[in-house]
Amino acid sequence: MKPILLTALVAFSAVVSAGLPTRGLPSGNTDIAVHISNETIDNTQIGKALTDAFLGEIEANTVVIALKNELGFVLDEDFRDVTVVAKAGDEKSVTALIRGKFNKARIEAFAAANKVPSRTVKGLKAWDAQAFGNAVAKAAGSEPNKSNPTITAELVIVDGNTIVAAETSNIDRAVTAATSSNPWKHTGLSTAEASVKNGWLLISANVAAIEEAEAAKRKPDATTSTEGKAALAKRSGVKAVILALGENATDVTLRINAEFVDEAAAKKNISQAKGMLGFGSMLTMAADGDSAEVAANKATGADLIRRITITQNGATGDATLDYPIQKLAQTIVRAAEARREKAAKGK
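Residues numbered from 1 in each chain as written. Predicted model: local features only at pLDDT ≥ 70, side-chain atom pairs only at ≥ 80, totals over all residues. Heavy atoms only, no water.

A.B. asks: It is not clear to me how the pairing of strand S9 (residues 238–247) should be interpreted in this structure. Could you clarify?
C.D. replies: For S9, a buried count of 7 out of 10 residues is recorded, marking the element as mostly surrounded by other parts of the structure. Two elements, strand S8 (residues 201–205) and S9, share 5 bridges in a ladder whose sense is antiparallel. Residue pairing across strands places Ala 205 opposite Val 241, the latter belonging to S9. Of the pairings in the sheet, the one linking S9 to strand S10 (residues 251–260) comprises 9 bridges and is antiparallel in character. Among the inter-strand pairings, Glu 247 is bridged to a residue of S10, identified as Val 252. Taking the residues between adjacent antiparallel strands as the criterion, S9 and S10 are bridged by 3 residues. (Buried < 20%, exposed > 50% of the residue type's maximum accessible area, 1.4 Å probe, protein only. Helix = DSSP H or I, 4+ residues; strand = E, 2+ residues; numbered from the N terminus. Pairing = 2+ DSSP bridges.)

A.B. asks: Looking at this structure, how should I read the packing of helix H6 (residues 104–113) against helix H7 (residues 129–139)?
C.D. replies: Two quantities define a packed helix pair, namely the angle between the helix axes and the distance between the axes. Direction vectors running N to C along H6 and H7 enclose 85 degrees, while the axes themselves pass 10 Å from each other. Between H6 and H7, the interaxial angle falls into the category roughly perpendicular. From H6, Ile 107, Phe 110 and Ala 111 reach across to H7, where they touch Phe 132, Ala 135, Val 136 and Ala 139. Tallied by class, residues from the contact of H6 with H7 come to 7 nonpolar, no polar and no charged. (Axes fitted to C-alpha atoms, helices over the stretch in contact; angles between N-to-C directions. Parallel < 35°, antiparallel > 145°, perpendicular 65-115°, else oblique. Contact = heavy atoms within 4.5 Å. Nonpolar A, V, L, I, M, F, W, Y, C, P; charged D, E, K, R; others polar.)

A.B. asks: How do you make sense of the sheet that holds S10 when you look at a structure like this?
C.D. replies: Across a sheet, strands are paired by hydrogen bonds formed along the backbone, either parallel or antiparallel in direction. The strand order across the open sheet built from 12 strands is S4-S5-S6-S7-S3-S2-S1-S8-S9-S10-S12-S11, with neighbouring strands paired in antiparallel fashion. Single-partner strands in this sheet number two, and they are strand S4 (118–121) and strand S11 (309–313). Neighbour-to-neighbour, the strand axes of this sheet turn through a mean angle of 15 degrees, independent of strand direction. Both S4 and strand S5 (residues 124–128) contribute to a ladder of 4 bridges, which runs antiparallel. Bridge pairing links Val 121 to Leu 124 in S5. Of the strands in this sheet, strand S1 (32–37), strand S2 (79–87), S8 and S9 are in contact with helix H9 (residues 187–194), which crosses S8 at around 140 degrees. Relative to the sheet, helix H12 (residues 263–283) contacts S9, S10, S11 and strand S12 (316–324), its axis offset from that of S11 by approximately 170 degrees.

A.B. asks: Looking at this structure, how should I read helix H8 (residues 171–178)?
C.D. replies: Since one α-helical turn is 3.6 residues long, residues separated by three or four positions face the same way. Within the span of H8, buried status applies to Ile 171, Ala 174, Val 175, Ala 177 and Ala 178. Seen end-on, H8 carries its buried residues on one side only, within an arc spanning 160 degrees. (Arc of directions from axis to C-beta.)

A.B. asks: Even after reading the chapter, I still don't get H12, so can you show me in this structure?
C.D. replies: Compared with an ideal rise of 1.5 Å per residue, which puts 21 residues at 30 Å, H12 spans 30 Å between its outermost C-alpha atoms and is within 8% of the ideal. Listed in full, the buried residues belonging to H12 are Ala 265, Ala 266, Asn 269, Ile 270 and Gly 280. Buried residues of H12 fall within an arc of 120 degrees about the axis and therefore sit on the same side. In this structure, H12 carries Glu 263, Ala 264, Lys 267, Phe 279 and Met 282 as exposed residues pointing more than 90 degrees from its buried face. Next to the buried residues of H12 lie S9, S10, helix H13 (292–306), S11 and S12. With a side-chain oxygen positioned 3.3 Å from the backbone nitrogen of Ala 264, the residue opening H12 is Asp 262. (Expected span 1.5 Å × (residues − 1). Polar contact = N/O pair within 3.5 Å; in protein donor to acceptor, adjacent residues only side chain to side chain.)

A.B. asks: Is there a simple way to think about a nonpolar patch on the surface in this case?
C.D. replies: Taken together, the side chains of Phe 279, Met 282, Leu 283 and Met 285 present a nonpolar region at the surface, about 470 Å² in accessible area. Following the sequence through the fold, Phe 279 ends up in helix H12. (Patch = residues over 30% accessible without salt bridge, like charges linked within 9 Å, V, L, I, M, F, W, Y side chains within 5 Å. Areas by Shrake-Rupley, 256 points an atom, 1.4 Å probe, with all protein chains shown as cover. Salt bridge = Lys/Arg side-chain N within 4 Å of Asp/Glu carboxyl O.)

A.B. asks: Even after reading the chapter, I still don't get unusual backbone geometry, so can you show me in this structure?
C.D. replies: Most of the time, phi is negative for any residue but glycine, and the peptide bond is trans. The phi dihedral of Lys 122 is positive, around 55 degrees, even though this residue is not glycine. Given a relative accessible area of 54%, Lys 122 falls into the exposed group.

A.B. asks: What is the right way to read empty space enclosed by the protein from this model?
C.D. replies: Once rolled over the atoms, a probe with the size of a water molecule shows which space is left empty. In the structure shown here, the tally under the stated rule is 1 cavity of 30 Å³ or more. Roughly 80 Å³ of internal volume is contained in the largest cavity. Sorting the residues of the lining of the largest cavity by element identifies S2 and strand S3 (90–100) as the ones contributing at least two each. A per-element tally of the lining of the largest cavity places S2 first, with 3 residues. (1 Å grid on protein atoms, 1.4 Å probe; cavity = no way out; pocket = protein on both sides within 12 Å on 5 of 7 lines; lining within 4 Å. Points joined across faces, edges and corners; volume = space filled by probe spheres on them.)

A.B. asks: Would you mind going over the pattern of salt bridges with me for this structure?
C.D. replies: If charged atoms from side chains of opposite charge come close, those side chains can pair. Under the defined criterion, the tally for this structure stands at 15 salt bridges. Between Glu 108 and Lys 104 there is a salt bridge, with the nearest N and O atoms lying 3.4 Å from each other. Note that Glu 108 and Lys 104 are positioned in helix H6 at a spacing of 4 residues, about one turn of the helix. Lys 298 is the partner of Asp 290 in a salt bridge, and the nearest nitrogen-oxygen pair spans 3.1 Å. Classification of Asp 290 as partly exposed rests on a relative accessible area of 27%. Connected through shared salt-bridge partners, Glu 39, Arg 80, Asp 81 and Arg 99 make up one network.

A.B. asks: Can you walk me through the packing of helix H4 (residues 62–71) against H6 in this structure?
C.D. replies: Across the interface, H4 lies against H6 with an axial gap of 9 Å and an inter-helix angle of 105 degrees. Here H4 lies roughly perpendicular to H6, going by the angle between them. Of H6, the residues touching H4 (which contributes Lys 68, Asn 69, Glu 70 and Leu 71) are Arg 106, Ile 107 and Phe 110. Here the contact of H4 with H6 is built from residues that sort into 3 nonpolar, 1 polar and 3 charged.

Right, dumping it as structure tokens:
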């Protein structure tokens, strides 16, 4: 094969393998969706700065060591991304799709050896998520989680590239989606991804549905005052929010788009957001007695706030932030050094 053609095929495969999942998650409306890509951030300048600053601490973490030694899972190298979706007000609907490189046989052998409860779902082992986490904690020399959750979650190692986690009553649906070739697309996440380059944190939220679900949990009764009823009936006026964090050649980029019920609601919420930025600016003002670390952090915070732009266009609003990569990298390095100095003094 000619080198130029081989190069083109490798480049193409890298493109199609990156980004949002196109299958593996249940279809249907989801009010909340979050996508975090370790694969993407690892290839950004900020990701490399974070790695340089904190990799030593991460690798020394007992849980990270246990994951490597017991499961053969190297966190920074083998974890690709996670996508979580849910319906507002329904905790049982939460489904997570985790993609990466997993040693299925080794993980399942670890779970079996530690007597993690399991059952068979679609021909695959579904392991009790809390018990599995406790087994990892034990291997790391940490205290297990002794809480008694009202919701039981299970996880399934589908194959060497995919793990799904969901509530027990929803795991069958999650596994069916993860093992099928049915296409999956989330409009909000796709819009967020398109708003930035190298997007590594994408969030889409149906705020109106979330507010309605929360209000339904707090229905007024005979003892509720008039003021209380009014508070329960109050809504923010926000319909939906999309957020994306990414990086271009020079800046770390943040894009937020909000859709409101009408122009008046947009004006009110945007005015409140600008007021919060103003208050934030006051908190970053230099004060007598500030240490060098505090002064530097305040200067960074003030600089960050100054670069945030909020605009309104009818019933929609946008917030943007473009922050120089080198400035943020310096802040990360400074924070890492301060953390290590404090840790050294505490010994």
